[in-house]
Amino acid sequence: MDSRAPIFGFNDARDAIVRTVIDRVVGATKDPLLAMNEAAYQETKRLEGSRDPHDLRELAEWQRLARSLGRMHDAERRRRLRELAEQYAWDTAGNFDRRVYQLSSRLLPPVVSALLAPRKLATIVHDPRRLVSLELLADRVLVQGPLAKLRSLVRQGTAVYVPTHLSNLDSIVFGYALERAGLPPATYGAGKNLFTNPVLSFFMHNLGAYRVDRRIRHNLYKDVLKTYSSVLLERGYHSLFFPGGTRSRSGGVERRLKLGLVGSAFEAYTRTLQSGRERRIFFVPATINYLITLEAETLIADFLSEAGKGRFIIEDDESSRIGRIASFLRKLLAMNAAVVIRFSEPLDPFGNRVDELGRSYDARGREVDPASYVRDRDGNAVIDAARDAQYARELGEELCRAYARDTVVMATHVVAAASFARLRGHAPAADLFTVLRQRDVLTVPRDDLAADVVALCDRLRALERQGCIVLGEDVRLGSGGDIIERALRAFASYHSAPVLASRPDGIALCDTNLLFYYQNRLAAHGVAWDVIAPPGVPTGLPVQPPLPPLPPSSPAYVPRDDRGAASPRAGDGSAGGTSAGGTSAGGTSAGGTSAGGTSAGSASAGGTSAGSASAGGASARAGSAHGAGGVR
């Protein structure tokens, strides 16, 4: 890894970053009385039901503040506001220690290999270079996408990685993907509850993670988080957000995002223009795809329960139990290509595609100037919250389209979808919970289920030819029987109760909840039952094919994969990988599965603000094209 990556200088700039955050938040707060009243109300509401002594002390402090605000002079209110902003900013601020990064890079591969593949470790123990190499488990995790283009872009601007989110292992897996792809480490938000584990806390605190307390809902705290994120981007620190905000409870691909922190990119980009030092920002969607999911049983149960409608943090799922994590990783990584991290084509903040030189192009392939989207009629770059909220919504739509196109279909998804379709046909009523109650009551002849799988694969291959989805090698090349066998082995290797069971008369459909969870990965593509679409989103939403490739940047440019071969899909590369369990090597993840609850890196901090685009900066699709840029 290039030690010139921005994050290696983070600690020298940390104090200045925090001071900038405090000054901006205080300066932008027009009414300190209103801001602190709202904070006191929200925190009092949150803490009133707690019996924790620390929470009770904090509750008393907020109650005292609420009673005294009316008697304060304006100067005193602003002083108190600054104190709160400073408290939140320092509590949020991350850290990066080069020595910890180097230590993790050297120690994590052999430690993880000892856990996951002890036989393989024994064969290379006499070769120290391979012992600390990311190649150690290279056949287990695949990293795909336009990797050469991304390596070019991170040298020219700031990358914002925005992957899908299924598991508390995602930050580890994605950190590995960055390292494997030759991309620099990134800052990321980690749920504050993860910092209670002393081992995880040590690595996360020293490898770029900043703390996000997802229990706090008031606007002052959200402003601190958004401002901190914006300042990092302005200064060129590559960042990771999970814009879904939390792990997908249903197992489906995200179709509605929480873009509060993602929206900070618009302010960051505008401020670089105002300073006369334009630094372009590139959004990089990605999908993280598992053959089996660590927390599937708990997540789908939470999705189907009333509690799941309002609960953000699950404190008792599988990722809080070390034994369950170890079992999952051993089983998962006994199977080739059981995890695929697929980077999508990068976008600028306004949803335009970018080439390997960082130039933006609209949907018609015309080069546009991204600065034109944030300039007013006089040509001045201006910050406009309502305009940027509209841009964020449009960007969110583009990210969701990219997620759908780069979802990687695996055997468990296909077999679950075929099985669940059988359950629907057998159920006495068509509602979801009636179907889910058909546990272990239906056995499908193996040949019949294989025929269903083949028919579904034919539909999926047609979608792949259109660029609307990606098939894993097992699905693309396997027969119906092969795909069923791989799914059976995967389910049986990890899940505590049988999902499918092989019997003399066929395949018994046992755990309907988990079949529902895995089939949901295909729901957005219209090839599986879609009862998980968010409100206002059509079910079975048609996935839009990708736009034609961008024009070459030079006469000799040909999109190639990471092996140097011409890519079947423009910019499509692939690299083998190591374990999902911890060869982050100082990448984004910094070390950890969740010790319970919110994901490492889940930092939504609320959705984008409502509001239509202002006259000075209309929607990226409705015509913000001052200067040299173009209209989308």
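Structure: above.
A quick note: this is a predicted structure, and the numbers were derived from the prediction, not measured.

Each value, and the rule that gives it
Residues numbered from 1 in each chain as written. Predicted model: local features only at pLDDT ≥ 70, side-chain atom pairs only at ≥ 80, totals over all residues. Heavy atoms only, no water. Pairing = 2+ DSSP bridges. Helix = DSSP H or I, 4+ residues; strand = E, 2+ residues; numbered from the N terminus. Phe/Tyr/Trp six-rings, centres within 6.5 Å; stacked < 30°, edge-to-face > 60°. Buried < 20%, exposed > 50% of the residue type's maximum accessible area, 1.4 Å probe, protein only. 1 Å grid on protein atoms, 1.4 Å probe; cavity = no way out; pocket = protein on both sides within 12 Å on 5 of 7 lines; lining within 4 Å. Points joined across faces, edges and corners; volume = space filled by probe spheres on them. Nonpolar A, V, L, I, M, F, W, Y, C, P; charged D, E, K, R; others polar. Polar contact = N/O pair within 3.5 Å; in protein donor to acceptor, adjacent residues only side chain to side chain. Contact = heavy atoms within 4.5 Å. Salt bridge = Lys/Arg side-chain N within 4 Å of Asp/Glu carboxyl O.

(A) Quick look at the pairing of strand 14 (residues 500-503). Across 4 bridges, strand 14 lies against strand 15 (residues 506-509) in antiparallel orientation. Each residue of the ladder has a partner; that of Ala-501, found in strand 15, is Ala-508. Between strand 14 and the antiparallel strand that follows it, strand 15, lie 2 residues.

(B) Region of interest: the packing of aromatic side chains. In this structure the tally under the stated criterion is 17 aromatic pairs. Here the aromatic rings of Tyr-373 and Tyr-391 are separated by 6.1 Å at their centres, their planes lie at 80°, and the arrangement is edge-to-face. A residue pair is termed long-range when its members are at least 10 positions apart, and Tyr-373 in the loop between strand 10 (367-368) and helix 15 (385-405) and Tyr-391 in helix 15 qualify at 18 residues. Across this residue pair, the class does not change: Tyr-373 and Tyr-391 are buried. One aromatic cluster in this structure is built from Phe-266, Tyr-269, Phe-350, Tyr-373 and Tyr-391.

(C) Geometry of the pairing of strand 1 (residues 141-145). Extensive coverage of strand 1 is indicated by the burial of 4 of its 5 residues. Pairing between strand 1 and strand 7 (residues 339-343): 4 bridges, direction parallel. The residue of strand 7 that forms the bridge with Leu-142 is Val-340.

(D) Expanded view of empty space enclosed by the protein. By the definition in use, this model includes 4 cavities of 30 Å³ or more. There is about 50 Å³ of room inside the largest cavity. As for the largest cavity, its lining consists of Leu-166, Gly-251, Tyr-290, Thr-293, His-413, Tyr-517, Tyr-518 and Arg-521. Partitioning the lining of the largest cavity into residue classes produces 4 nonpolar, 3 polar and 1 charged. Of the volumes computed, that of the second largest cavity is approximately 40 Å³. Taken together, Tyr-269, Arg-280, Ile-281, Phe-282, Asp-348, Pro-349, Phe-350, Gly-358, Ser-360 and Pro-370 form the lining of the second largest cavity.

(E) The arrangement of the side chain of Lys-149 in detail. Structurally, Lys-149 is set in helix 8 (residues 147-153). There is a polar contact of 3.1 Å between the side chain of Lys-149 and the backbone oxygen of Val-354. In this structure Lys-149 touches Glu-345, Pro-346, Val-354, Asp-355 and Glu-356, once residues within four positions along its chain are discounted.

(F) Structural view of the pattern of salt bridges. Within this structure, the stated rule accounts for 29 salt bridges. With a closest N to O distance of 3.3 Å, Glu-83 and Arg-80 form a salt bridge. Of this pair, Glu-83 and Arg-80 are both found in helix 4 (residues 74-92), 3 residues apart, which corresponds to roughly one turn of the helix. Relative accessible area serves as the criterion here: at 34%, Glu-83 is assigned to the partly exposed category. Look at Arg-80 and you get partly exposed, because its relative accessible area is 24%. With its nearest N and O atoms 2.5 Å apart, the salt bridge here joins Arg-446 to Glu-485.

(G) Representation of the sheet that holds strand 9 (residues 360-361) within the structure. In space, the 3 strands of this open sheet follow the order 8-9-10, with antiparallel pairing throughout. Of all the strands in the sheet, the pair left with one neighbour each is strand 8 (353-354) and strand 10. Examined bridge by bridge, strand 9 and strand 10 share 2 bridges and lie antiparallel to one another. The partner of Tyr-361 across the bridge, within strand 10, is Glu-367.

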